[in-house]
Amino acid sequence: MPYEIDETHDQSLQSWVESANDPATDFPIQNLPFVRAVFADEEDRTFLTSAVVIGDQLLILELVAQVGLLDEVVDTDLIESMLLDEIYSDMTRNERQRFRARLVSLLSADNDELKGHDVAEHALVPMNEVQTLPAFECHDYTDFYASVYHATNVGTMFRPDNPLLPNYKWIPVGYHGRASSVVTSGTPIRRPNGQLSPAEEGGAPSFGPCKLLDYELEMGVVVARGNELGQPIAIGDAEDHILGMCLLNDWSARDMQKWEYVPLGPFLAKSFATTVSPCLVTMEALVPFRCPAMQRPDGDPKPLPHLTDEHDQSQGGLDITLEVFLASKQMRDQDMEPIRLSKGSFKDMYWTIAQMLTHHSSNGCNMQAGDLLGSGTISGPTRESRGCLLEMTWDGDPFANPAVIKPGTERTAIELPTGEERKFLADGDEIIIRGYCERDGYRRIGFGECRGIIEPAVI
Ligand code: MN
């Protein structure tokens, strides 16, 4: 089913929530991402409730629903369930569009229904006054490897003779991640201990704090609606099962990964922490920023028929600009701005999100509402668009220089404004991921931030 631009994407729409009209905001009325807000009462009991972000405010959906303002578009009991995937799991795409249109209408400058209602005073809360969590409960997490640039760079480092394995252009490669350690932006990240790859081939590993700690710039895709066990999702239906997207940092211990990943893939090098941004931008909000799937170079195989859909090929890509910033503890202590490490786009991914979801369910595996799919590190063709330090500080260029440099050796350090140098992350370093969409004729929308500071390992 094609995506259609509708009145909710009109760039001239303004909100009566003034901060939403600031050209610099990530959260104009055309966006309305979902979060869960955490409130504490006087006895420190916490309450969770679903909300949409508008400018610098949160709109508490439960309160709006209680006074009947959402009656025509959603069941009030569902809103009270607090979890967005529960609210969304039974909705068709048309119903989701109606829900969005109603929220846009209630927040529009020319609509007085909510603005003029007593509930408005309580239903809007400054975002910086409450803790926010992702709008979904992550029960299961899978991480893909969908950037051919990332896969080629990493493959060249780990397997110089054989960088891209023969399955890569046929299968959206993935591994099963760990849901329990998916944390929200701002949660400190403890440097993991683990078995580190031997210094020499054939030698013994050591056990201790990871020395090659890295981030991975990724997007998270959240499932809205699952499938029955044994009933695969067809490629043409895949996006009806997707709720929205968030920023994701797949923290990675490279010295552990290199030792453990053969033959079953990453395990403890990844499962110590994965950070997601609280804001979940809906697929409906992303419609103006759709683009064709990445054009496969001549000579690459066409995907098999079950992964091929005409509409997915023409509109399955997403032009989302992504930036990674680093601030060391010294930089923060000296009030220095974080430095930008890289800038890339999600449109450079080899596999679409529909292909990843379809592949995942193609054996009959049942996806469930709230499942999180990581895209894999988002790297583009240039050095500036490499999505992790493993690639950024690597001197090799697989397209020009077949010489191979082992991870951890002969790397180019990144120089920080304090004079410090980084090849991998140091304790106290903060990684900040930001993402946004821009297109002429449309309002810019953003994903907010995904942050995490590295804490020293447990000794
Ligand atoms: Mn990853």
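Data block above holds the structure.
Rules of the game
- Residues numbered from 1 in each chain as written.
- Predicted model: local features only at pLDDT ≥ 70, side-chain atom pairs only at ≥ 80, totals over all residues.
- Heavy atoms only, no water.
- Donors = N, O, S within 2.8 Å, 3.2 Å for Na, K, Ca; no water.
- Helix = DSSP H or I, 4+ residues; strand = E, 2+ residues; numbered from the N terminus.
- Buried < 20%, exposed > 50% of the residue type's maximum accessible area, 1.4 Å probe, protein only.
- Pairing = 2+ DSSP bridges.
- Phe/Tyr/Trp six-rings, centres within 6.5 Å; stacked < 30°, edge-to-face > 60°.
- Lys NZ or Arg CZ within 6 Å of the ring centre and 35° of its normal.
- Patch = residues over 30% accessible without salt bridge, like charges linked within 9 Å, V, L, I, M, F, W, Y side chains within 5 Å.
- Areas by Shrake-Rupley, 256 points an atom, 1.4 Å probe, with all protein chains shown as cover.
- Salt bridge = Lys/Arg side-chain N within 4 Å of Asp/Glu carboxyl O.
- Core = buried A, V, L, I, M, F, W, Y, C linked by side-chain atoms within 4.5 Å.
- Axes fitted to C-alpha atoms, helices over the stretch in contact; angles between N-to-C directions.

At the metal site, the manganese ion is ligated by Asp143 (OD), Glu216 (OE), Glu218 (OE) and Asp250 (OD), and these contacts range over 2.1 to 2.2 Å. We note that the donor set of the manganese ion lies within a single chain, spaced as D-x72-E-x1-E-x31-D. Taken as a pair, Asp143 in strand β6 (residues 141-144) and Glu218 in strand β13 (residues 217-223) lie far apart in primary sequence, 75 residues in all.

Counting buried residues along strand β25 (residues 430-437), seven of its eight residues qualify, which places the element largely inside the surrounding structure. In this structure, strand β20 (residues 321-327) lies alongside β25, joined through seven bridges in antiparallel fashion. Looking at the pairing, Glu323 lines up with Arg434 of β25.

A complete count under the given rule lists four aromatic pairs for this structure. Relative to Tyr168, the ring of Tyr145 has its centre 6.1 Å away and its plane inclined at 75 degrees; by these criteria the two rings are edge-to-face. Placement of Tyr145 in the loop between β6 and α6 (148-158) and of Tyr168 in the loop between α6 and β7 (174-176) is noted, with a sequence separation of 23 residues between them. A residue is classified by how much of its surface remains accessible, and Tyr145, at 25% relative accessible area, is partly exposed. We classify Tyr168 as buried; its relative accessible area is 3%. Aromatic pair Tyr350 and Trp351: ring centres 5.7 Å apart, planes at 75 degrees, arrangement edge-to-face. By the burial criterion, Tyr350 is buried, and Trp351 matches it. Joined through ring pairs, the aromatic side chains of Tyr145, Tyr168, Tyr350 and Trp351 make up one cluster. Here the basic side chain of Arg296 rests over the ring of Trp351, its NZ or CZ set 4.6 Å away from the ring centre.

A grouping of Trp170, Ile171 and Leu304 is seen on the molecular surface, where their side chains present a nonpolar patch of about 260 Å² in accessible area. Within the element layout of this structure, Leu304 appears in the loop between β18 (290-291) and α8 (310-315). Its relative accessible area of 39% is what places Leu304 among the partly exposed residues.

Before going further, it helps to spend a moment on the nonpolar core. Residues Met245, Leu341 and Phe346 are the most contacted members of the largest nonpolar core, which totals 72 residues. One finds Val119, Ala135, Ala179 and Ala224 within the second-largest nonpolar core, a separate group that totals 44 residues.

Across the sheet, five strands lie side by side as β4-β3-β2-β1-β5; this open sheet has antiparallel pairing. The open sheet has two edge strands, β4 (124-126) and β5 (131-133), and neither has a second partner. Here the average twist between neighbouring strands, direction ignored, is 45 degrees. In this sheet, strand β2 (residues 46-54) lies alongside strand β1 (residues 34-40) in antiparallel orientation, the contact comprising seven bridges. Looking at β2, one finds that Ala40 is bridged to Thr46.

Attention now moves to the pattern of salt bridges. Under the criterion given, the structure shown has 22 salt bridges. Measuring nitrogen to oxygen at the nearest pair gives 2.8 Å for the salt bridge that ties Arg444 to Asp26. Taken together, the residues span a long stretch of sequence, with Arg444 in the loop between β25 and β26 (445-455) and Asp26 in the segment before β1 at a distance of 418 residues. Taking the relative accessible area as the measure of exposure, Arg444 reaches 22% and is therefore partly exposed. On the accessibility criterion, Asp26 (17% relative accessible area) is buried. In this structure, Asp300 and Lys169 form a salt bridge, with 2.8 Å as the shortest nitrogen-oxygen distance. Note that Asp300 is positioned in the loop between β18 and α8 and Lys169 in the loop between α6 and β7, a separation of 131 residues in sequence. A residue is classified by how much of its surface remains accessible, and Lys169, at 23% relative accessible area, is partly exposed. The structure contains a network of salt bridges with shared partners spanning Asp214, Glu216, Asp250, Arg254 and Lys270.

Cis geometry marks the peptide bond from Val262 to Pro263; its omega dihedral reads 0 degrees. Inspection of the secondary structure assignment puts Pro263 in the loop between α7 (254-260) and β16 (274-276). One non-glycine residue with positive phi stands out, namely Leu32, at about 55 degrees. Mapped onto the elements of the fold, Leu32 is located in the segment before β1. Residues other than glycine seldom take positive phi values, yet Asp44 does so here, at roughly 65 degrees. Structurally, Asp44 is set in the loop between β1 and β2.

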